[in-house]
Amino acid sequence: MHLLMFAKYSVGAQRAAPALARHLLCPKTTPYSAGINKAEIERLASEEFAELFQWLSEKDWKRWDKEIEADSRAGRLDFLVREAREEKAKGTLEDLWPRPCA
C-alpha cells in the first residue's frame, strides 16, 4: 500500500490535499465510518485520489515514526538489539539486502 506514497506529485497537490481531506473526512457522519465520506472518495478523479492518498500516507508514516520513537524510548525494541548482537557473536547475522556485485 505504501508503494504509491513514493509517486511524484506537484507542489499544488501538496497544498490541495489537506483541504480535500478536510472536505472528505466529514465529522458529521456515523461514528462507525470514522467520519469518512466514502461515496465522495469513490467519485474522486484519479489525480485527486492520488493527492488524498499521498496526504494520508504521509500522515500514516508520521504516526508510525512516532510509535517507533516511543517504543524505542520505552525500551520495547531493546530485544532487537540483543538479538542482533547475539547473532553477530554467533557469526550468523545476515545482511538485510544482498551485497552489490563486485
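Shown above is the structure to which this text applies.
Not measured: the values here are computed from a predicted model.

Rules of the game
Residues numbered from 1 in each chain as written. Predicted model: local features only at pLDDT ≥ 70, side-chain atom pairs only at ≥ 80, totals over all residues. Heavy atoms only, no water. Helix = DSSP H or I, 4+ residues; strand = E, 2+ residues; numbered from the N terminus. Expected span 1.5 Å × (residues − 1). Buried < 20%, exposed > 50% of the residue type's maximum accessible area, 1.4 Å probe, protein only. Salt bridge = Lys/Arg side-chain N within 4 Å of Asp/Glu carboxyl O.

**Student:** Outline helix 3 (residues 46-73), listing residues and values.
**Tutor:** Every α-helix winds through 3.6 residues per turn, so residues three or four apart in the chain are directed the same way. With 28 residues, helix 3 should cover 40 Å at 1.5 Å per step; its first-to-last C-alpha distance of 40 Å lies within 8% of that length. Glu51, Leu52, Phe53, Gln54 and Ser57 are the residues of helix 3 that are buried. The positive-phi residue at the C-terminal boundary of helix 3 is glycine 75, with phi of around 85°.

**Student:** Which residues make up the pattern of salt bridges, and what values go with them?
**Tutor:** If you walk through the whole model with that rule in mind, you get 2 salt bridges. Of the charged contacts in the structure, one is a salt bridge between arginine 76 and aspartate 71, with a shortest N-O distance of 2.8 Å. Two residues, glutamate 87 and lysine 90, come together in a salt bridge whose shortest N-O distance is 3.6 Å. Taken together, the positions of glutamate 87 and lysine 90, both in helix 4 (residues 78-90) and 3 residues apart, correspond to about one turn of that helix. Assessed through its relative accessible area of 59%, lysine 90 is described here as exposed.

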